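If you want the building blocks of each chain, they are given just below.
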Amino acid sequence: MRLERLSEENFNDYEKLTNCNNSGCFCAFWHGKWKTVEEWKEREKTRPLENRELVRQKLRFGFHPGVLAYDGNDLVAWISVGPLPEYYWAWKRVAHLGETAITVGGIVCISVAPERRGTGIQPALLNALLEYGKNQNWKAIEGYPFDDAAYERHGKAVAWPGKTDGFVKSGFKRVGEHWINHPEWPRSIYQIEL
């Protein structure tokens, strides 16, 4: 498993995995300031290229929007991961962690290529990410999967941040509730120190 930081050279591969089924998401939600979820959904539906360009601009200005995963030459996944302060919607977690937040890589989305879904690839992706994170001088990596109760209610609609068992298999430990938690959509913070 090989990870490549998002760049202009591999941007087309990023587009393939973040606009699956013409969703218009481009994994941009965490980067922008939206007044409501409805505002985001409207933009996702009617102005998707603005989402793509938001991520491209962050890339061009030196931010770390994420990495692409390859198995040999096959594109297998996009992982939206970067230092927590680079994600607008992580501000509560950043405030909680304080100065150390810049050394924590936060995984806000994992988009697996359609042909690799359901194959148990998540631990391999996370294990590769642990080595990548060390090379980035991150001190820890966090993931934010929905709890089992959310899966029971909503199924695959809550699969985008990865699954709890995949994080556990890779050595991540639960450290608390997600900062945007809701009884209908319970989530947790899983962390591993590097």
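Residues numbered from 1 in each chain as written. Predicted model: local features only at pLDDT ≥ 70, side-chain atom pairs only at ≥ 80, totals over all residues. Heavy atoms only, no water.

A. The arrangement of the packing of aromatic side chains in detail. The final tally for this structure, using the stated rule, is 14 aromatic pairs. Ring centres 5.1 Å apart and planes at 50° place the aromatic pair Trp-34 and Trp-40 in the tilted group. In terms of burial, Trp-34 and Trp-40 fall into one category: buried. Consider the rings of Phe-146 and Trp-160, whose centres lie 5.6 Å apart with planes at 80°: the pair is edge-to-face. Of this pair, Phe-146 sits in the loop between strand S5 (140-143) and helix H6 (148-154) while Trp-160 sits in the loop between H6 and helix H7 (164-169), placing them 14 residues apart in sequence. You can call Trp-160 partly exposed: its relative accessible area is 32%. Members of the aromatic cluster, each reached through a chain of ring pairs, are Phe-29, Trp-30, Trp-34, Trp-40, Tyr-88 and Trp-89. Taking the ring centre of Phe-11 as reference, the NZ or CZ of Arg-56 above it sits at 4.0 Å. Taking the ring centre of Phe-63 as reference, the NZ or CZ of Lys-58 above it sits at 4.5 Å. (Phe/Tyr/Trp six-rings, centres within 6.5 Å; stacked < 30°, edge-to-face > 60°. Buried < 20%, exposed > 50% of the residue type's maximum accessible area, 1.4 Å probe, protein only. Helix = DSSP H or I, 4+ residues; strand = E, 2+ residues; numbered from the N terminus. Lys NZ or Arg CZ within 6 Å of the ring centre and 35° of its normal.)

B. Region of interest: the nonpolar core. In terms of nonpolar packing, the biggest core is built from 30 residues, with Leu-6, Tyr-14, Leu-68 and Trp-78 touching the most fellow members. Of all elements in the fold, only helix H1 (11-18), helix H3 (48-60), strand S2 (67-71), strand S3 (74-83) and strand S4 (104-112) reach the threshold of two or more residues within this core. Excluding anything up to four places from it in sequence, Trp-78 contacts Leu-6, Tyr-14, Leu-17, Thr-18, Cys-27, Pro-65, Gly-66, Val-67, Leu-68, Cys-109, Ile-110 and Ser-111. Residues Val-76, Ala-77, Ile-107 and Ile-110 belong to the second largest nonpolar core, which totals 23 residues. (Core = buried A, V, L, I, M, F, W, Y, C linked by side-chain atoms within 4.5 Å. Contact = heavy atoms within 4.5 Å.)

C. Expanded view of the environment of Lys-16. Of note, Lys-16 is situated in helix H1. Residues Lys-16 and Gln-191, 175 residues apart in the sequence, show an inter-C-alpha distance of 28 Å.

D. Spatial organisation of the pattern of salt bridges. Applying the stated criterion across every chain yields a total of twelve salt bridges. For Glu-53, the salt bridge identified is with Arg-52, shortest N-O distance 2.9 Å. Taking relative accessible area as the criterion, Glu-53 reaches 27% and is therefore assigned partly exposed. The salt bridge involving Arg-116 is made with Asp-71; its shortest N-O contact spans 3.3 Å. You can see Arg-116 sitting in the loop between S4 and helix H5 (122-135) and its partner Asp-71 sitting in strand S2, a full 45 residues away along the chain. Each of Glu-8, Glu-15, Arg-52, Glu-53, Arg-56 and Arg-60 takes part in a single network of salt bridges with overlapping partners. (Salt bridge = Lys/Arg side-chain N within 4 Å of Asp/Glu carboxyl O.)

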